[in-house]
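Fold and geometry: a report
Next come the chains, spelled out residue by residue.
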Amino acid sequence: MDQSSKVAAVVARVRRLVHDGTLGADDPLPSTRALAAELGVARGTVVAAYEQLDGEGYIRTRHGAAARVVGGAASGAGTRPVASDADPGPRVGGGTNVDRASRPGPPLDCRPGIPAVTAISPRDWRAAWRAAAEAPLRNELSNPLGLPALREQVVAQLGLARGFSPPVSDVVVAAGTSEALSLLVEALRSRLGRAPRIAVEDPGYRSGHRALTSAGAELVAVPVGPDGIDLAVLATTSADAVVVSPTHQYPLGSVMPVGHRRALLTQAAVAGMVVVEDDYDSELRHRGTPVPALAALDTEGVVVHLGGFSKTLDPRLRCAYVVLPGSAGPLRDAVVAARTSRGAVVAEPVQVAIAHLLRTGAYRRHLGRVRRDYTHRRERIALRLTDSAVPGLEARALTGGLHAVLTWPAPAACAPVTGAGAAVPSGADVAAQAAAAGVLVADLADYETERSGPGAALGYGIALGYGVVLGYGAVTLPELDRALDVVLAAIRGPVAT
């Protein structure tokens, strides 16, 4: 038996013990050395098996501590069975043979935007908050632009991960992306003396759009295609600014090619338009080489870069940052003035804790762990859709991030393959049926800025009314299988008569 087969055998045995209830939530597994001796295999075989099980969401491994079973890893009814040896082999760890999966629980939340918050090392997390608690007390207000130590670490991380290293003075801390967008609208209003006209991607980031309109902006919807925002339509908008997500368009997942990026920057420079780059999940790329930030290509000083920690750490931290264009100008002055007048909006202990995670390398270790986990889940989604036998079903946005977009043909396109008697469910139908079965997903049509009916198609050749958005950041692999069972059954709809 070769090495990969030995690893697969160990993985299958542990999976079986989890599924049959022998191992339950938080039960410890033997050390890699002990299990290797028990099974008569090399320790490296067990280490590789534990790493795979960790990535699949069955167990959680920690340096210097016993690996433990993740809560919810035991699949319930309807979950796709996992292949395993007929012989479960020697017992691994303690626990009783109880069907924990049969216990009722809350709905399985697979809506997009929720990361694997619990994946961070508890030791690193506690150390960060100890650093915050041990920071000297001061009889003064926080710097409204943000803690210098955090801004310095943001610059270092941008240099490592995003291909540009701005001066610390260009970085401004904000209370999440929505607050950052609100801040930019305030700055543009001050600069222009009127409500700014801002172009946004359609479909796009709903919470961000609400933040823009709440701050007084006038929105102009611009359609997106496989290369990102439609530059020809954008040129007709007379927009003062445009908000784009070029690295992983939200929610459809397109990656803007470098030629398209350069054309956008040239167009913006000629028109005097600000380009707001929403770089919300660029550090979570699963396929291909990392794509440099749009700001890394900016030689005209037109890009305002937005980043944060909601998708990589915890959205409850409410901590993001704005990187202003390098050249001095009225927009830069207006943003600094707006930030100063609002004051500090992120608690200083939070900033200290995040700076500590960045400075010590804990943040990058965490990213390495969750990238591996998310890649396993992405691969499972792709495999399940390949095996789904649903004509025209496609998965999008899987090159990175925390969500997948599932789309299927609208009724007219389905007629030749499903027959005239088959009913094709809409995205709203599928989301409602999934919710009734205890799985929460989002209707793709809800991301439209301008409603144009359920059959309206994009440059992608898809109809927004016939798709759902499924988040996989905070679920285990067995939970993801359960969610896919429910969603795929809803997409198949009633049997034609």
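This section reports on the structure supplied with the text.

Rules used in this analysis
Residues numbered from 1 in each chain as written. Predicted model: local features only at pLDDT ≥ 70, side-chain atom pairs only at ≥ 80, totals over all residues. Heavy atoms only, no water. Pairing = 2+ DSSP bridges. Helix = DSSP H or I, 4+ residues; strand = E, 2+ residues; numbered from the N terminus. Axes fitted to C-alpha atoms, helices over the stretch in contact; angles between N-to-C directions. Parallel < 35°, antiparallel > 145°, perpendicular 65-115°, else oblique. Left-handed = near helix turned anticlockwise from the far one by under 90°. Contact = heavy atoms within 4.5 Å. Nonpolar A, V, L, I, M, F, W, Y, C, P; charged D, E, K, R; others polar. Buried < 20%, exposed > 50% of the residue type's maximum accessible area, 1.4 Å probe, protein only. Phe/Tyr/Trp six-rings, centres within 6.5 Å; stacked < 30°, edge-to-face > 60°. Lys NZ or Arg CZ within 6 Å of the ring centre and 35° of its normal. Polar contact = N/O pair within 3.5 Å; in protein donor to acceptor, adjacent residues only side chain to side chain.

Note: strands within a sheet are paired through backbone hydrogen bonds, in either parallel or antiparallel orientation. Strand order in the open sheet formed by eight strands is β4-β11-β10-β9-β8-β5-β6-β7, and the pairing between neighbours is mixed. Edge positions in the sheet fall to β4 (171-174) and β7 (228-229), since each of these pairs with one other strand and no more. For strand β9 (residues 274-278) and strand β10 (residues 303-308), the ladder comprises four bridges, and the chain directions are parallel. Residue Val 276 lies in a different strand from β10, and its bridge partner there is Val 304.

Next up on the list: the sheet that holds strand β15 (residues 442-443). If you trace the four strands from one edge of the open sheet to the other, you get β12-β13-β16-β15, paired in antiparallel fashion. Each edge of the open sheet carries a strand with a single partner, namely β12 (394-396) and β15. Pairing between β15 and strand β16 (residues 467-471): two bridges, direction antiparallel. By the bridge assignment for β16, Ala 442 is matched with Val 469.

Now for the packing of helix α6 (residues 177-192) against helix α10 (residues 330-342). Interhelical geometry of α6 versus α10 gives an angle of 120° and a closest axis separation of 8 Å. If you check the angle between α6 and α10, you find them oblique. Note that α6 runs across α10; the crossing there is right-handed. Residues Glu 179, Ser 182, Leu 183, Leu 184, Glu 186, Ala 187, Leu 188 and Arg 191 of α6 touch α10, and the partners they reach there are Pro 330, Leu 331, Ala 334, Val 335, Ala 338, Arg 339, Ser 341 and Arg 342. Each residue belonging to the contact of α6 with α10 can be placed in one class, and the counts come to nine nonpolar, two polar and five charged.

In this section: the environment of Ser 426. Assignment of secondary structure puts Ser 426 in the loop between α13 (411-418) and α14 (427-436). In this structure Ser 426 comes out as buried when scored by relative accessible area, which is 14%. The spatial distance from the C-alpha of Ser 426 to the C-alpha of Pro 411 is 9.2 Å, given a sequence separation of 15 residues. Excluding residues that lie within four positions of it along the chain, Ser 426 makes contacts with Trp 408, Gly 465 and Tyr 466.

How two helices pack is summed up by the angle between their axes together with the distance between the axes. Between α6 and helix α7 (residues 206-214), the least distance of the axes is 8 Å, while the angle of their chain directions is 35°. Crossing handedness for the pair α6 and α7: right-handed. Across from Ser 178, Leu 181 and Val 185 in α6, the residues of α7 making contact are Ser 207, Gly 208, Ala 211 and Leu 212. Of the residues in the contact of α6 with α7, the class split is four nonpolar, three polar and no charged.

According to the stated counting rule, one finds seven aromatic pairs in the structure shown. With centroids separated by 5.4 Å and ring planes inclined at 85°, the aromatic side chains of Tyr 250 and Tyr 280 adopt a geometry described as edge-to-face. Of this pair, Tyr 250 sits in the loop between β8 (241-244) and α9 (258-271) while Tyr 280 sits in the loop between β9 and β10, placing them 30 residues apart in sequence. Judged on exposure class, the residue Tyr 250 and its partner Tyr 280 are both buried. The structure contains a cluster of three or more aromatic residues connected by ring pairs, namely Tyr 205, Tyr 250, Tyr 280 and Tyr 447. It is Arg 206 that lies over the ring of Tyr 447; its NZ or CZ is 4.2 Å from the centre.

Take Ser 245: it is sitting in the loop between β8 and α9. Side-chain polar atoms of Ser 245 contact the backbone nitrogen of Tyr 250, separated by 3.1 Å. Setting aside residues no more than four positions away along its own chain, Ser 245 makes contact with Glu 201, Tyr 250, Asp 278 and Tyr 280.

Burial of β10 is extensive: five of the six residues sit out of reach of the surface. Pairing of β10 with strand β11 (residues 320-323) involves four bridges; the strand directions are antiparallel. For Gly 308, the partnering residue across the bridge sits in β11 and is Ala 320.

Function cannot be read off these values alone, since they describe shape.
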